[in-house]
Structure formats: structure tokens, C-alpha cells
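Given next are the chains, with one letter for each unit.
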Amino acid sequence: MGKRIVVNAGLTETRVAVQEANLLVELYLERHQRRSIVGSVYKGVVTNVLPGMQAAFVDIGLTKDAFLYAGDYTADLGDYARAMLDAEADGEDEEAVARDVDVPDSDADVPASDADVPVEDARIAVDDVDVDVEVPKREAAPPIEEMLRKGQDVLVQVSKESLGSKGARVTAFISLPGRYLVYMPQTNHIGVSRRIRDESERDRLRALVRALHPPAGGFIVRTNAEGKGEAEFATDVEFLGRLWSQIRARYEQVSAPAVLHEEMDLTFRVVRDLLSPEVDEFVVDSREVYEKCLEWVRALAPGLVERVRLYEERTPLFESFGIEREIEKALRRRVWLRSGGYIVIDHTEALVSVDVNTGKYVGKRDFDQTVLKINLESVGEIVRQIRLRDLGGIIIIDFIDMEHEDHRDQVYRALTRALADDKARTNVLEISELGLVEMTRKRVRQDLRSLLSVACPTCKGGGVLKSDATLAAEILRAVPPKAAGAGGREIVVRAHPDLAAYLDGDARDALARLAAALDIKITVQPAAGHVHRESYEIHVR
């Protein structure tokens, strides 16, 4: 098995797993009560301008005001005609074109207009792309106090979810993803995904887009457009142009703050952004979601319809494919390697550290070869864990010290090759003499640990526990197999009092729907005595 996408459609959350060679490499999760807003477009109103930070706060209708940097702002909707650049002229040199391309000037923290934004519970990754030249810099923006004032309306798109105490980050450089193209109304360049390496194919794709006489603005040709023709591109151009017109019209009609365009749910984004010829199998465990996916695949990628299948076995889907076990491991600090070595992943306020250790492996030759083998073996697992846990910001990898420069070069090359498959933007420095690698990875959403767990009240945040929502989802998945195999009339769930309160509160509707679907009574009882926060029992009567 090469690559597989597995969709678990639960009552309170949808989970999507990506497996490569039966190993879990990516996990996306969307809770139904809290949809991601990355990629959504808003009409906002400026609430405060901060000259000292060259930024502004914008009310887009959320609990916390969003944050807008000066470099992420362009003229508002009334001035778009002036902001739009002339269509790219044939024969114009790439250096001149680059000066007109709106791209970020920071690898570590870039806005949604750059086309490599991953989503997870956010917008699924639009391919890591370039514009056929080295990443150019935007011209220096005027001071923000000259562009924005308190009470001013602005058109913005969410580029980063609210994380911790920080509000969402927004940008005025809009990007609208389609199946094969990404439309950026404020640029005039036609770029091609850097993952498409054949120069003749890149030229062909650019020519196809130009021949369609698309609306004013720029386009990025996505990776899955390789080999496609005019018909597929024409559908995207028409759809994206119509969507942009609707956004502009709604901007004129509504008062701020207001949402102008919302991204579709996770399952649609998976079909649009992840399903490709490289995917051998697309498995869904809900008939309703399966039917929706079939409809979307027929519209977006009809040649892949036969790869979509419904999972109807009694064993839960993620358990059957070994995914549940991998998720559990992804919440641990220590990850064992096959040789007996291990890596340790720790989170701090400033960065994530990854430490490589020999563990039980003592080697067969000299010490230098032992160290090299462990370091090389650790590279693949480190990158897999970075992708799976969606680690972002500054990451420090502490490889075991290597005396020989050529050994350090081997490990560094292995690391850069492994990161080539990561859609998130990364920047990696060479291994230092101390065996340290400094790297950055674009952060758009909460990492997996933050998403699935809460700080332990007993240890004051020194460790983590699964959240009530995660435990409730586990219980909802565990009840059907129990009910199917027992033939009783009632299911009794005994859990920690806090979890029992959550089940009787926020999860009550989901429990009621599950009971109706199974035609069985479900009772929740608080466990007596001192019980572990994550423990629960399910009994059949």
C-alpha cells in the first residue's frame, strides 16, 4: 500500500488520517461545534492601530479581535481597481515579474496569500509553490497609521487560527483555492507549483491559463494540475472568478463585522486538496459522508471514483487500520526507533526540542558508525512526527554528536530530503558542530497535542491529559461495538465526574442521537471514589 486517506466521521468530530506505507504521517481533525476559519473572508472593522508594532486589531465578529500586520495590508475594496496590476506581458523578464508578485517576506510566518498554507482543521494545504524566481520581497509598506484608521472597514482573510491567548491573524492579500488553481486577485503573475519540475510542462500549464483570458489577478497552478488540460482549468477559472465577484458584491451590501465567504467542511477540503492519483485508497466509515464524497469526487476528479470505498466492518475504522494506536503514541514524549534508540519531543514557550538518544542500541562496529546509524534512522521518524503532530515555529533537533563532517553532511542531506514531502514551509540550517539543527516550520493551527489534550490540573501543566471532547468522542466510538455484540437493552457509561458532566451536558445531543440510532438506552453515571481523569467503563445490561 502506497498512500491511503482514511475518514472517520464521528458524531462530534471528523478525523482524517493520511497513511504512507501503512504509517500515519498526517492527521486532520475538525470538531463540528468549532469549524476552522482559516481561508474564510471577512469584512472587518479596525478597532485599534498600533504604530509601534506596525499592526492593527480588526474586529471580524469573533471573541478576540484579529491581528493585521502592515505588510499584510493592501488597499481596501474601494481601491482594488488601482491595486490590480496590468496583465503579465509576453516576454517580460522574470525579475520584473517578481517585483509585482505579492509574496511573504518571512519563511517562518507567512500570510494566506502564499500558497503553501496547510489546514487541518483548517484549509488543507495548497501546494508549496514558488513563482519561478527566488522568493521576492514586497516593497516597503507605508507606515500603518497612514493606511488604516480606527473605524475603517477592511476586507481580510484569515491566515492563521487563534492560538492560545492570541487572536486570529488576517491578511488583505486574498487567495481562493480551486481544484487545480489558486486565484489571487491582487497579483498579476501566473506561477506553477515547484513540485512540478519538468520545465516544458510548467511552460505548457502557464500557456493554458493565459489562453483562457482569466479575470484580472494572478493564478498559481497546483501540483495536481500536472498533465491536465484546458477544460479542467476553465472550470476552476469560472468558479473562482464567480466566487470573487460574489465576495466583492457582498462586501458592498453588508455592515462590518461580517463573514463574506466560509471555507467548506473538512471532508470537502480533503477531496479537493488531498485526493490525487498518488492516493491508492480513500476509505470512509459513514454512508452519508461516503455518498457526499462520491458526489464531490465525480465532480472534481471523476477518474478516482473507484478508489473511494465505504468501510462497513464492526471494528472501528481507525482501530482496524492501526491509526488509533499511532495517535496515542503521538501524544507521548518518547518515540522508540526500531534499532532500540529513541527520540524525545518536548514543548516550551519558545520552541520545540527533539533529542536523539542511542537507548538500547550499542552498535556492531565502532562508536562513530553507531552514532551515524542512529542519527540517520532518527531522521525519518523525526520528520514523520513533525508532520503528524503538526509542530510549528522554531524546532531544535539535538542529534547525537558526530565528530566527522561527512557524517554531519549525510544526516543533513537525509533531513532535507525527508522534509521535501512536507507541504508546510520549512527553513533548515546546517548541523552545527554540537550536533544541533535549527529549523522553522510554518504554524497555522494548534499542534496535535494542544488539540487533543488539556493541561493537567494536578501537575499544573507539567503533563497533559486527554480533553473531555476527545474522551467523549472515544466513548461514542466504543459504544456501538459493545451494543452490537451484547444484545442488551441498556448501555451504562461510568466515568470521572467531570467527564460524566460533559457527557450529560455538551455531548448530550450526540448521546441521544447514538441511542436512537442503536435503539438502546444509554445511561451516564459518575464513578465513585478516586478515579483517573481519563478512565471510564462501558457496561451492557
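Quantities reported herein were computed from a predicted structural model and do not represent experimental measurements.

So, how was this worked out
Residues numbered from 1 in each chain as written. Predicted model: local features only at pLDDT ≥ 70, side-chain atom pairs only at ≥ 80, totals over all residues. Heavy atoms only, no water. Helix = DSSP H or I, 4+ residues; strand = E, 2+ residues; numbered from the N terminus. Buried < 20%, exposed > 50% of the residue type's maximum accessible area, 1.4 Å probe, protein only. Contact = heavy atoms within 4.5 Å. Areas by Shrake-Rupley, 256 points an atom, 1.4 Å probe, with all protein chains shown as cover. Pairing = 2+ DSSP bridges. Axes fitted to C-alpha atoms, helices over the stretch in contact; angles between N-to-C directions. Parallel < 35°, antiparallel > 145°, perpendicular 65-115°, else oblique. Left-handed = near helix turned anticlockwise from the far one by under 90°. Nonpolar A, V, L, I, M, F, W, Y, C, P; charged D, E, K, R; others polar. Salt bridge = Lys/Arg side-chain N within 4 Å of Asp/Glu carboxyl O. Expected span 1.5 Å × (residues − 1). Core = buried A, V, L, I, M, F, W, Y, C linked by side-chain atoms within 4.5 Å.

### Quick look at the overall build of the protein
- Helix and strand counts for the protein come out as 15 helices and 26 strands.
- Put simply, the protein has 541 residues, and 53% of those count as buried.
- Within the protein, counting contacts between residues at least 6 apart in sequence, those at least 24 apart form 69% of the total.
- In the structure as shown, the protein presents an accessible area of about 25000 Å², 47% of it carried by carbon and sulfur atoms.

### Examining the sheet that holds strand E24 (residues 490–495)
- As summarised here, the arrangement of the three strands in space is E25-E24-E26, forming an open sheet in which the pairing is mixed. With partners counted over all chains shown, the strands left at the sheet margins are strand E25 (521–526) and strand E26 (536–540), one partner each. Ignoring which end each strand starts from, the neighbouring axes of this sheet average 20° apart.
- Where E24 meets E26, five bridges bridge the pair, whose relative direction is antiparallel. Looking across to E26, one finds that Arg 494 is bridged to Glu 537.
- Each of E24, E25 and E26 is contacted by helix H14 (residues 497–504), which is oriented at about 145° to E25, the strand it contacts most.

### Considering the sheet that holds strand E3 (residues 23–31)
- Spatially, five strands are ordered E3-E2-E1-E14-E15 in an open sheet, and the strand pairing comes out mixed. Sheet topology places E3 and strand E15 (308–310) at the edges, where each strand pairs with a single neighbour. In this sheet, adjacent strand axes meet at a mean angle of 20° when their direction is disregarded.
- Sheet contacts for helix H7 (residues 287–300): strand E1 (3–9), strand E14 (281–284) and E15; angle to E15, the most-contacted strand, approximately 165°.

### Digging into the pairing of strand E2 (residues 13–20)
- For E2, the buried fraction is high: seven of the eight residues fall into the buried class.
- Of the strand pairs in this sheet, E2 and E3 are connected by eight bridges, and their pairing is antiparallel. Bridging across to E3, Glu 13 finds its partner in Arg 31.
- Hairpin connection between E2 and E3: a loop of two residues separates the two successive antiparallel strands, and Ala 21 in this loop has a positive phi of roughly 55°.

### Here's the deal with the packing of helix H10 (residues 367–389) against helix H11 (residues 405–419)
- Contact pair H10 / H11: the axes reach a minimum separation of 9 Å and the direction vectors enclose 15°. Taken as axis vectors, H10 and H11 run roughly parallel relative to one another. Crossing angle aside, the handedness with which H10 passes H11 is right-handed. Contacts between H10 and H11 involve Asp 368, Gln 369, Leu 372, Asn 375, Leu 376, Val 379 and Val 383 from the former and His 407, Gln 410, Val 411, Ala 414, Leu 415, Ala 418 and Leu 419 from the latter.
- Each residue belonging to the contact of H10 with H11 can be placed in one class, and the counts come to nine nonpolar, four polar and one charged.

### Focus on the pattern of salt bridges
- Summed over the entire model, instances satisfying the criterion amount to 30 salt bridges.
- Across the pair Asp 72 and Arg 169 runs a salt bridge, and its minimum N-O distance is 2.6 Å. Residue Asp 72 is found in the loop between strand E6 (66–69) and helix H1 (80–83), and its partner Arg 169 is found in strand E8 (residues 169–171); the two are separated by 97 residues along the sequence.
- When the shortest N-O distance is used, the salt bridge between Asp 346 and Arg 333 registers 2.6 Å. One end of the pair, Asp 346, is in strand E17 (residues 342–347); the other, Arg 333, is in the loop between helix H9 (323–330) and strand E16 (334–336), and 13 residues separate them in sequence.

### Section: the environment of Gly 241
- Positionally, Gly 241 belongs in helix H5 (residues 230–253).
- Using a relative accessible area of 14% as the deciding quantity, one classes Gly 241 as buried.
- With 56 residues separating them along the chain, Gly 241 and Pro 185 place their C-alpha atoms 9.1 Å apart.

### Quick look at H5
- Compared with an ideal rise of 1.5 Å per residue, which puts 24 residues at 34 Å, H5 spans 35 Å between its outermost C-alpha atoms and is within 8% of the ideal.
- Among the residues of H5, those classed as buried are Phe 233, Asp 236, Val 237, Leu 240, Gly 241, Leu 243, Trp 244, Ile 247 and Tyr 251.

### Focus on the nonpolar core
- Counting 28 residues, the largest nonpolar core has Ile 382, Ile 395, Ile 397, Phe 399 and Leu 415 as the members making the most contacts within it.
- Counting only elements with at least two residues in this core, the list comes to E17, strand E18 (351–357), H10, strand E19 (393–398), H11 and strand E21 (436–441).
- With seven residues, the top contributor of residues to this core is H10.
- In this structure, Phe 399 is in contact with Val 356, Asn 375, Ser 378, Val 379, Ile 382, Val 411, Ile 431, Leu 434, Gly 435 and Val 437, ignoring residues within four places of it in sequence.
- Counting 27 residues, the second-largest nonpolar core is a separate cluster that includes Leu 176, Val 192, Phe 233 and Val 237.

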